Amino acid sequence: MTEANGKQRPFLGYGLGLRRQHYNDVLDSRPDVDWFEIISENYMVDGGKPLHYLDRIRERYPMVMHGVSMSIGSTDPLDYSYLGRLKALIKRVEPAWFSDHLCWTGMDQLNLHDLLPLPYTEEAIEHVVDRVSRVQDYLGRQMLLENVSSYVTYSESQLAEWDFLREVVERADCLLLLDINNIYVSAFNHNFNPHTYLDAVPGERVYQIHLAGHTQEENLIIDTHDHPIADPVYELYAEAIKRFGRVSTMIERDDRIPPLAELMQELDRVRRIGESGVLNQVA
Amino acid sequence: MNNLEELQSQFQNYILKPDKATMIPWVGLGGRASPQFQLSVYANAYLSRLKEVLMNDYPALSVAINGDLFARLAEGFIHQHPSHFFSLRDYGSGFPVYIHGLAQSDPCYRDLAWLPELASFEWTLGQAFDAAESGLVTEGDMASIAAESWPLLRFAFCPCVYRIDLEWNTPAMWKALTVDPPLEVEAIRSGSNSAWLIWRQELVTRFRSLEQDEQLFLDALRNGETFSDACEILAERIGADSAPMRAAGLLKGWIQQGLITRIMFSD
């Protein structure tokens, strides 16, 4: 798969989110993980264990950075003190790319530490596009935006989520981190067909895919990242690979974190699906 | 206020004060769950996420008092102190001051006078844990200093070095409460402040008590006094004859423990 400008999309292989519970295991056993994703904010500290392990693991593995606090959709001014720390961390880590979420996390200088959905309106598109452009100018590189899972919609929304997402990334000329679990969760919660979502995604901009587990409740799925990936999410991932070709893919696990070996088994299944999609394409 | 700003304001107000929200016409009706239930997921997640942060930052404190009381304490703090931080790492910084205020004013905490000190101790351990790295002075560096330079030397301590005064047996309580399973421990007030040092040696956070002469000498040097002036303060405590040897021994120990980052010579 190539980008719109003809450039080959980089492919890192199959990765995991780096979690502190696995630091020593990663260094001791050198698992067959192609790359790691770090949560940027966890390493915006002055010193100590987090940075010690970050540097050592970075020496051995490719990395990408994933943020949770940029609040690109907030109506507050962009936080340049945050962006300055992000810039310094990018310089330290030299990641293949960095990403954050298409969401807002608070206003009036507050941080609710959650990934809150935006209304799908022209006003929100213009607002986010302008801010993504300014972030990309400040950091001197393209960013990846991730689709979030949501539990509410806004009565004011004029577009479907996938149209909103496509408009933002194309107008801002940024890239996409497509979270397949988030599509599945939101499709259940808001009664839409996840395949319609995939059909609308500009595949040439998808540089990374997230997979994760969730918690099913009676009328709602919650994006908890505390379970193995569910079968329907694997199936949706296979659909995504059919459409977009081979994409750097990783598993996010943030709670009830199992031993590394268990995640490696999950990653094997992900790898098989990711690679079989390519074989199908060639055939 | 434009539409986006208005919507975000209403959403944020709901999350911060869900009990006060009556009308939520801005929430779409297309979902499987009711709008009220959908929104409650965000409000519940906000509270439980920040409570979990406080439990992780204050592990001994959360064990020391019963779960209901800790939950009440945490929720009270969360309601009064929404986060201004981009990282959850910093969220609990104001918790010790909040607890101190409650201990002064709320009868529920009258028998828990040791609680603010335990909270401050735990937060300081966390501060030492991820303080900035710094180069360390070695015994070799010290040995190479000419004798005539010594009186005017000043010492810079690593950013991970913290000096605190404790009125209670807080370190012993912390140790007992953070083993698995936690041990029974009684809070004991010593009657006077004791000096403690908290720092990180390589990647391990450590703490130890300070003898009174060590505390005087350390405080003097950390306040920027010269070696000579700090020795005078030490001499007032232990006598002029003993001070030089004691000073040399203390410096050597601090270097071995990784406390000193730089020696500053007089111009």
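Quick notes on the rules
Residues numbered from 1 in each chain as written. Chains lettered and ligands numbered in written order. Predicted model: local features only at pLDDT ≥ 70, side-chain atom pairs only at ≥ 80, totals over all residues. Contact = placed C-beta atoms within 7 Å. Helix = DSSP H or I, 4+ residues; strand = E, 2+ residues; numbered from the N terminus. Nonpolar A, V, L, I, M, F, W, Y, C, P; charged D, E, K, R; others polar. Buried ≥ 20, exposed ≤ 12 C-beta atoms within 10 Å, placed from the backbone. Axes fitted to C-alpha atoms, helices over the stretch in contact; angles between N-to-C directions. Parallel < 35°, antiparallel > 145°, perpendicular 65-115°, else oblique. Pairing = 2+ DSSP bridges. Domains from an automatic or database assignment.

Moving on, we come to the interface of chain B and chain A. Between chain B and chain A, the residue contacts involve 41 residues of the former and 41 residues of the latter. Ranked by residue count, the leading element in the side of chain B that touches chain A is helix 1 (residues 3-16) of chain B, at nine residues. For the side of chain B that touches chain A, the residue count by class is 22 nonpolar, 12 polar and seven charged.

Before going further, it helps to examine the environment of A:Pro202. Residue and element names in this part refer to chain A. The residue Pro202 is located in the loop between helix 7 (194-200) and strand 7 (206-212) in this model. Taking the C-alpha atoms as reference, Pro202 lies 8.7 Å from Phe244; in sequence the two are 42 residues apart. If near-sequence neighbours (up to four positions away) are discounted, Pro202 is found in contact with Arg166, Val169 and Glu170.

What follows is about unusual backbone geometry. Across the junction of B:Asp180 and B:Pro181, the peptide omega takes the value -5 degrees, indicating a cis bond. One non-glycine residue, A:Arg30, lies in positive phi territory at about 45 degrees. With respect to the secondary-structure elements, A:Arg30 resides in the loop between helix 1 (23-29) and strand 2 (35-39). Unusually for a residue other than glycine, B:Glu202 sits at a positive phi of about 55 degrees. Of note, B:Glu202 is situated in the loop between strand 3 (189-201) and strand 4 (204-209). By C-beta crowding, B:Glu202 is classed as exposed, having 10 other C-beta atoms within 10 Å.

All right, on to the packing of helix 6 (residues 115-129) of chain B against helix 8 (residues 170-178) of chain B then. Residues and elements named next belong to chain B. Look at helix 6 against helix 8: their axes get within 10 Å of each other, and the N-to-C directions meet at 75 degrees. With respect to their mutual orientation, helix 6 and helix 8 come out roughly perpendicular. Packed against helix 6, whose contacting residues are Glu117, Leu118, Phe121 and Glu122, the element helix 8 presents Thr170, Met173 and Trp174 at the interface. Partitioned by chemical class, the residues of the contact of helix 6 with helix 8 number four nonpolar, one polar and two charged.

Residues and elements named next belong to chain A. Strand order in the closed barrel formed by eight strands is 1-2-3-4-5-6-7-10, and the pairing between neighbours is parallel. Direction aside, the axes of adjacent strands within the sheet are offset by 25 degrees on average. Taken together, the three bridges between strand 1 (residues 14-17) and strand 10 (residues 248-252) define a ladder with parallel strand orientation. By the bridge assignment, Leu16 is partnered in strand 10 with Ile251.

Our next topic: the domain arrangement of chain B. Residues and elements named next belong to chain B. Looking at the assigned domains, one finds that chain B contains domain 1 (1-112) and domain 2 (132-267). Residue-level contacts link four residues of domain 1 with five residues of domain 2. Tallied by class, the residues present in the side of domain 1 that touches domain 2 amount to four nonpolar, no polar and no charged.

A word on the pairing of strand 3 of chain B. Residue and element names in this part refer to chain B. As judged from the six bridges shared by strand 2 (residues 162-168) and strand 3, these two strands associate in the antiparallel manner. If you follow Asp165 over to strand 3, its bridge partner there is Ala195. Looking at chain direction, strand 3 and strand 4 are connected through six bridges and run antiparallel. Residue pairing in the sheet places Ile198 in a bridge with Phe207 of strand 4. Hairpin connection between strand 3 and strand 4: a loop of two residues separates the two successive antiparallel strands, and Glu202 in this loop has a positive phi of roughly 55 degrees.

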